[in-house]
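# Structural characterization, general
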Amino acid sequence: MDVNAAVAAAAAIAGVLTGVIAVLAFRWSEREQNRPTRSSLHTDAVLPPGVDTVLSVLRSSAVVLDEADAVVKASSAAYALGLVRGGKLAVEPMLQMARDTRRDGEIRQVELDLPRRGTGRGEALAVSARVAPLGSRLVLLLVEDLTEARRIEAVRRDFVANVSHELKTPVGALSLLSEAVMDASEDPEAVERFAGRMQIEATRLTSLVQELIDLSRVQNDDPLEDAEPVRVDELVAEAIDRCRHQAGAKQITMAAGGAADLRVWGNRGQLAAALGNLVENAVNYSPARTRVGIAARSVNAPGGDHIEIAVTDQGIGISDKDKERIFERFYRVDPARSRATGGTGLGLAIVKHVAASHGGEVAVWSAEGQGSTFTLRLPEAGAARDRAHQQTARHERAGGAGLDEEAGRSTLTSPESTAYETLPAPEVLP
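All values reported here derive from a predicted model rather than from experimental measurement. (Residues numbered from 1 in each chain as written. Predicted model: local features only at pLDDT ≥ 70, side-chain atom pairs only at ≥ 80, totals over all residues. Heavy atoms only, no water.)

## What about the overall build of the protein?
The helix and strand inventory of the protein stands at 13 helices and 15 strands. When burial is assessed residue by residue, the protein has 39% of its 430 residues classed as buried. (Helix = DSSP H or I, 4+ residues; strand = E, 2+ residues; numbered from the N terminus. Buried < 20%, exposed > 50% of the residue type's maximum accessible area, 1.4 Å probe, protein only.)

In C-alpha cells:
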C-alpha cells in the first residue's frame, strides 16, 4: 500500500508540474506572438489608421521613415524616381531633413536637383521635398517632380524673350530708316533706297506678326470643329502656287507626284498653311537650279490608314545636332540665311502643332549637303473623321481640356520610312 501511495503521489506531482509548464509555455508563446518583430516594424500595420489610404491617392512621391531611418512605406513613384533603394532613403539631403524633423518636430521644405539614374542624360531631376512628423516616431516625406514644370516655364520664358528680340529688330530698323529718309529728304536716290529697305523690314514685321497669330490659333483652336474632307492634290497645288515666285527667281523646278485622289479630314486652312511652310522652306534652303518634289501616298497602319505627304529638296541639309531642335519656336539652323530669306523660325513649329491637332505627326530625314525630306503624316479622311467624333465626345465629357502647348511630336526617320521613294528622281537642271 505504501508503494502504491508513493506512486500515486509522484504521478500527481508530475501532473501538476506538467500543467504549470504548459501554462507558462502558452503565456510565453502568446507574449512572443504579440511582441513587434523587426520585420513587422516595416509593414503597413505600424502606420496610423487611414494614412496608407491617403498616401495611395497622393500625386507626390511618398516615403515614411521610422526612428531608425528605415523605410516603412514608399509609393511606387518614389522607387521610380530612385529615392528608395534597398529599404533605405537614398538621397542624403532628404535623409538629413528627416532626422532634423524627427528631432525638433518642425516641418521642412527644400528644392533639390538630383542626378538622373540609368538615363545616360546629364540633365538633373528637379524636385521639391517636404518633411513632416507623422505620429510620435514616424516621419513623412513628400517629393514632387518639378522637372516638366520647369521645362515648360523655360520654354515660355524663351518664347517671350525671342518674340521681344524678333520684334525689336524690324521695329528698330524702321525707326533708323525713317530718320535716314528725313535726313536725305533732298536726295531722291537715297530716299528711294531707304524706302525700299523700309518696305522689306515692314514686310518682315508683318510676316512675323502673322505667324505669331497663326501659331496662337493652331495651339488654341480645335481644327476638327469645322473639319471637312480635304483633297491632298489641292493642298499640293496650293503650296506650289504659293512658292512659285520664289522658285522661279532661283530657277528651282517644283514637281508633284505620288498617288491621286487622296483625302484627309481636317481644317483646310491649317493644312494648307502647314504644307505651304514645308514647301517654302524647301525652296528657301535650296540652291539655284535644283528640284523640289512633293509626293503623297496612302500607308496602312495599325491605328488606321494614314496619308503621307513628303517634301524633298536638294538643299544644304540639316546636321544631326540641329534635327532635334528644328521644330522649336524661333530656332533657325542658319540665322544668316533666315534673315536673307525673311524667315522667322516659326514655320516648322506651326507645322508640328497642325499635325498634332489633326492626330498626325511630322518627320524629317536629312543629310548635310544632300538635302532633306519632311513628311507630314495625317489620318486618312474616313478613319480621321470617326476618330474626331470619338475625341470630341471624350473632350466634352472631360470638361473641355485644351491642347497642351507642347502636344505632338516630331520624329527622325530614314527616307525609306517616308514617301521619299515615290518622288520624281531629283536632278540638277543645267
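Structure's up, so let's keep going.
## Description of the packing of helix α7 (residues 232-242) against helix α9 (residues 268-284)
With their axes 9 Å apart at the nearest point, α7 and α9 run at an angle of 50° to one another. As the angle between them shows, α7 and α9 are arranged oblique. Considering the relative orientation of α7 and α9, their crossing is right-handed. Residue-level inspection shows E234, L235, V236, E238, A239 and R242 of α7 in contact with α9, the latter providing R268, L271, A272, A273, L275, G276, N277, V279 and E280. Class assignment for the residues of the contact of α7 with α9 results in eight nonpolar, two polar and five charged. (Axes fitted to C-alpha atoms, helices over the stretch in contact; angles between N-to-C directions. Parallel < 35°, antiparallel > 145°, perpendicular 65-115°, else oblique. Left-handed = near helix turned anticlockwise from the far one by under 90°. Contact = heavy atoms within 4.5 Å. Nonpolar A, V, L, I, M, F, W, Y, C, P; charged D, E, K, R; others polar.)

## Here we look at the sheet that holds strand β1 (residues 61-65)
A sheet is described by the order of its strands in space; here five strands give the open sequence β2-β1-β7-β6-β5, paired in antiparallel fashion. Each edge of the sheet is formed by a strand with only one pairing partner; in this case those strands are β2 (71-74) and β5 (108-115). Direction aside, the axes of adjacent strands within the sheet are offset by 25° on average. Sheet contacts for helix α4 (residues 92-104): β1, β5, β6 (124-134) and β7 (138-145); angle to β5, the most-contacted strand, approximately 165°. In this fold helix α5 (residues 147-183) packs onto β5, β6 and β7, with an angle of close to 135° to the strand it touches most, β6. (Pairing = 2+ DSSP bridges.)

## Section: the pairing of strand β11 (residues 291-299)
Consecutive side chains of a regular strand alternate in pointing toward one face of the sheet and then the other. Of all nine residues that make up β11, seven are buried, and the element is covered over most of its length. In this sheet, β11 lies alongside strand β9 (residues 253-258) in parallel orientation, the contact comprising six bridges. What sits directly across from G257, in β11, is A295. The pairing of β11 with strand β12 (residues 306-312) spans seven bridges and is antiparallel. Pairing of S298 across the sheet is with I307, part of β12.

## Digging into the packing of α9 against helix α12 (residues 347-357)
Contact geometry for α9 and α12: axes closest at 9 Å, N-to-C directions at 140°. The way α9 lies across α12 gives a crossing that is left-handed. Across the interface between the two elements, Q270, L271, A274, N277, L278 and N281 of α9 pack against G347, L348, I350, V351, V354 and S357 of α12.

## Remarks on unusual backbone geometry
Excluding glycine, most residues fall at negative phi; most peptide bonds, likewise, are trans. At D69, a position not held by glycine, the phi torsion is positive, near 65°. Following the sequence through the fold, D69 ends up in the loop between β1 and β2. Here the phi dihedral of R289 falls at roughly 60°; this positive angle occurs in a residue that is not glycine. Looking at where R289 falls in the secondary structure, it is placed in the loop between α9 and β11.

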